[in-house]
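Descriptive structure summary
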Amino acid sequence: MSHKKILNKIRFEIKQVDKLLEKYKSLINECDQGEPELVELTALASVLHSFYNGIENIFSLIAKGIDNNNPSGSKWHKELLIQMAESNDRRDAVILETLKEEIKSYLGFRHFYRHAYSFYLDWGEMKELVNSLFSVWKQIKRELNDFVDNYDAS
């Protein structure tokens, strides 16, 4: 696949995450008013999961299409995140190290969500992830757009 197509797919995925957060904006903002009920908590957990999957889709596009080095094995999710914070002979780092650390919390939640029953969800453990969604996405999106623009110009 050409690099132009990869960059267009990245742009598409960025729009998908934007759409996800826009669709659930009111639910996310309601969390400032108090602790969500179980059904709301379950919906928020799904949003967090989808949010990380969107980010991971973008990272996978870069790993496969640009790096030609897509991690595999039991720790591939973590390795992919680490890979995006490192530069290589094909590209500069996609995200800053500090952002990698923030994103790692969403990866941890994704793992929990995929392997637990929804009635085990705990607002205390989700609250910061939910409340930080918009600001974390703003930073990720800025870094991804910078990456795409710089890579496209080279």
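First, a word on scope: everything that follows refers to the structure included in this document. Since we're looking at a predicted model, the values are computed, not measured.

Some points on the pattern of salt bridges
Under the defined criterion, the tally for this structure stands at seven salt bridges. The partner of Asp18 in a salt bridge is Lys141, and the shortest N-O contact between them spans 2.8 Å. Here the residue Asp18 occupies a position in helix 1 (residues 3–23), and Lys141 occupies one in helix 6 (residues 123–153), the gap between them amounting to 123 residues. By relative accessible area, Lys141 is classed as partly exposed at 27%. Linking Asp67 and Arg91 is a salt bridge whose minimum nitrogen-to-oxygen distance equals 2.7 Å. Note that Asp67 is positioned in helix 3 (residues 38–67) and Arg91 in the loop between helix 4 (76–84) and helix 5 (97–115), a separation of 24 residues in sequence. Residue Asp67 is classed as buried on the basis of its relative accessible area, which comes to 7%. The class for Arg91 is buried, based on a relative accessible area of 4%. Each of Glu97, Lys100, Glu101 and Lys104 takes part in one network of salt bridges that share partners.

Quick notes on the environment of Trp137
Relative to the helices and strands, Trp137 resides in helix 6. Sequence separation between Trp137 and Leu21 is 116 residues, and the spatial gap between their C-alpha atoms is 9.1 Å.

Here we look at the packing of helix 1 against helix 6
Look at helix 1 against helix 6: their axes get within 11 Å of each other, and the N-to-C directions meet at 165 degrees. Relative to helix 6, the element helix 1 lies roughly antiparallel. Every pair of crossing elements has a handedness; the one defined by helix 1 and helix 6 is left-handed. On helix 6, the residues touching His3, Lys4, Leu7, Ile10, Arg11, Ile14, Val17, Asp18 and Leu21 of helix 1 are Leu133, Phe134, Trp137, Lys141, Leu144, Asn145, Val148, Tyr151 and Asp152. Within the contact of helix 1 with helix 6, the residues separate by chemical class into 11 nonpolar, two polar and five charged.

Structural notes on helix 5
For helix 5, with 19 residues, the first-to-last C-alpha span of 27 Å sits near the 27 Å given by 1.5 Å per residue. Here helix 5 has its buried residues at Leu99, Lys100, Ile103, Tyr106, Leu107, Phe109 and Arg110. The elements touched by buried residues of helix 5 are helix 3, helix 4 and helix 6.

Digging into the nonpolar core
Counting 48 residues, the largest nonpolar core has Ile10, Phe51, Phe59, Ile95, Met126, Trp137 and Ile140 as the members making the most contacts within it. No other element matches the 14 residues that helix 3 contributes to this core. The residues contacting Ile10, other than those within four sequence positions of it, are Ile58, Leu61, Ile62 and Val148.

Let's talk about unusual backbone geometry
Of note, Asn68 is a non-glycine position whose phi angle comes to about 55 degrees, a positive value. Along the chain, Asn68 falls in the loop between helix 3 and helix 4.

Things to note about a negative patch on the surface
Residues Glu35, Glu37, Asp122 and Glu125 make up a contiguous surface patch of negative charge. Looking at the secondary structure, you find Asp122 in the loop between helix 5 and helix 6. For Asp122, a relative accessible area of 37% translates into the label partly exposed.

Parameters at a glance
- Residues numbered from 1 in each chain as written.
- Predicted model: local features only at pLDDT ≥ 70, side-chain atom pairs only at ≥ 80, totals over all residues.
- Heavy atoms only, no water.
- Salt bridge = Lys/Arg side-chain N within 4 Å of Asp/Glu carboxyl O.
- Helix = DSSP H or I, 4+ residues; strand = E, 2+ residues; numbered from the N terminus.
- Buried < 20%, exposed > 50% of the residue type's maximum accessible area, 1.4 Å probe, protein only.
- Axes fitted to C-alpha atoms, helices over the stretch in contact; angles between N-to-C directions.
- Parallel < 35°, antiparallel > 145°, perpendicular 65-115°, else oblique.
- Left-handed = near helix turned anticlockwise from the far one by under 90°.
- Contact = heavy atoms within 4.5 Å.
- Nonpolar A, V, L, I, M, F, W, Y, C, P; charged D, E, K, R; others polar.
- Expected span 1.5 Å × (residues − 1).
- Core = buried A, V, L, I, M, F, W, Y, C linked by side-chain atoms within 4.5 Å.
- Patch = residues over 30% accessible without salt bridge, like charges linked within 9 Å, V, L, I, M, F, W, Y side chains within 5 Å.
- Areas by Shrake-Rupley, 256 points an atom, 1.4 Å probe, with all protein chains shown as cover.
- Lys, Arg positive; Asp, Glu negative; His and termini not counted.
- Charge placed at Lys NZ, Arg CZ, Asp CG, Glu CD.

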